[in-house]
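As a plain string of letters, each chain reads:
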Amino acid sequence: QVQLVESGGGLVQTGESLRLSCAASGRTFSSKTMAWFRQAPGKEREFVTSISWNGDSTYYADSVKGRFTISRDNAKNTMFLQMNSLKLEDTAVYYCAASTYYARSSTTRGYDYWGQGTQVTVSS
């Protein structure tokens, strides 16, 4: 069993940065593929980025490539999302997710553990 808790969300202006954290409980964090998804009001939850269990492989949605960076610290059971050059369209609730079975997945079905989400609001 893994419990995930996101933090670091907030209100920022366009062009600014935020760093999200996802703290995991349990001893299996280091074996799981981790990801960030986001959901804007009235829209479906969408893939943002994922990272392999050892951090060697990362994948990004085209919309955030070059601006966002995912990382993890398995010793601290924590995953991060550094978000730079934020845009209005990045406004959403950001969720961290863990996958027990997939080395790589960009769909919500690929993840069996989810956090409660943290709000990111970008204003002009």
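Everything below is about the structure printed above this text.
Keep in mind that this is a model prediction, so the values were computed, not measured.

### What to know about the overall build of the protein
The helix and strand inventory of the protein stands at zero helices and eleven strands. Secondary structure of the protein in N-to-C order comes out as β-β-β-β-β-β-β-β-β-β-β. Taken against the 2.2 N^0.38 rule, which gives 14 Å for 124 residues, the C-alpha radius of gyration of the protein at 13 Å falls within 12% of a compact globule. Out of the 124 residues in the protein, the part that is buried amounts to 43%. Residue pairs in contact within the protein that sit at least 24 positions apart in sequence constitute 58% of those at least 6 positions apart. Carbon and sulfur atoms form 45% of the exposed surface of the protein, whose accessible area is close to 6,600 Å². Taking the 13 positively charged and 10 negatively charged side chains of the protein as two groups, their mean positions are separated by 4 Å.

### Quick notes on unusual backbone geometry
Although it is not a glycine, N77 sits at a positive phi angle of roughly 50°. Despite not being glycine, S85 shows a phi value in the positive range, around 50°. A relative accessible area of 40% means that S85 is categorised as partly exposed.

### As for the sheet that holds strand 8 (residues 78-83)
Spatial strand order, 1-3-8-7: four strands in an open sheet with antiparallel pairing. Edge strands, defined here as strands with exactly one partner in the open sheet, are strand 1 (4-7) and strand 7 (68-73). Strand-to-strand twist in this sheet, taken as the mean axis angle between neighbours without regard to direction, amounts to 15°. Summarising the sheet, strand 1 and strand 3 (residues 18-24) pair through four bridges and their orientation is antiparallel.

### Section: the pattern of salt bridges
Opposite charge on two side chains allows them to pair when their charged atoms are near. Evaluation of the coordinates by the stated rule reveals four salt bridges. Between D90 and R38 there is a salt bridge, with its nearest N and O atoms 2.9 Å apart. With D90 in the loop between strand 8 and strand 9 (92-99) and R38 in strand 4 (residues 33-39), this pair connects stretches of sequence that are 52 residues apart. Relative accessible area serves as the criterion here: at 5%, R38 is assigned to the buried category. Within the structure, one salt-bridge network assembled from shared partners comprises R38, E46, R67 and D90.

### Description of the packing of aromatic side chains
The final tally for this structure, using the stated rule, is four aromatic pairs. Judged by centre distance (5.7 Å) and plane angle (75°), the rings of F37 and F47 are edge-to-face. Separated by ten residues along the polypeptide, F37 in strand 4 and F47 in strand 5 (residues 46-51) bring together distant segments of the chain. Each member of the pair F37 and F47 is classed as buried. Chaining the aromatic ring pairs together yields one cluster made of F37, F47, Y111 and W114. A cation over a ring is seen here: R45 above Y95, with NZ or CZ 3.6 Å from the ring centre.

Definitions and limits used
Residues numbered from 1 in each chain as written. Predicted model: local features only at pLDDT ≥ 70, side-chain atom pairs only at ≥ 80, totals over all residues. Heavy atoms only, no water. Helix = DSSP H or I, 4+ residues; strand = E, 2+ residues; numbered from the N terminus. Rg over C-alpha atoms; globule rule 2.2 N^0.38 Å. Buried < 20%, exposed > 50% of the residue type's maximum accessible area, 1.4 Å probe, protein only. Contact = heavy atoms within 4.5 Å. Areas by Shrake-Rupley, 256 points an atom, 1.4 Å probe, with all protein chains shown as cover. Lys, Arg positive; Asp, Glu negative; His and termini not counted. Charge placed at Lys NZ, Arg CZ, Asp CG, Glu CD. Pairing = 2+ DSSP bridges. Axes fitted to C-alpha atoms, helices over the stretch in contact; angles between N-to-C directions. Salt bridge = Lys/Arg side-chain N within 4 Å of Asp/Glu carboxyl O. Phe/Tyr/Trp six-rings, centres within 6.5 Å; stacked < 30°, edge-to-face > 60°. Lys NZ or Arg CZ within 6 Å of the ring centre and 35° of its normal.

Purely geometric stuff here, so don't read any function into it on its own.
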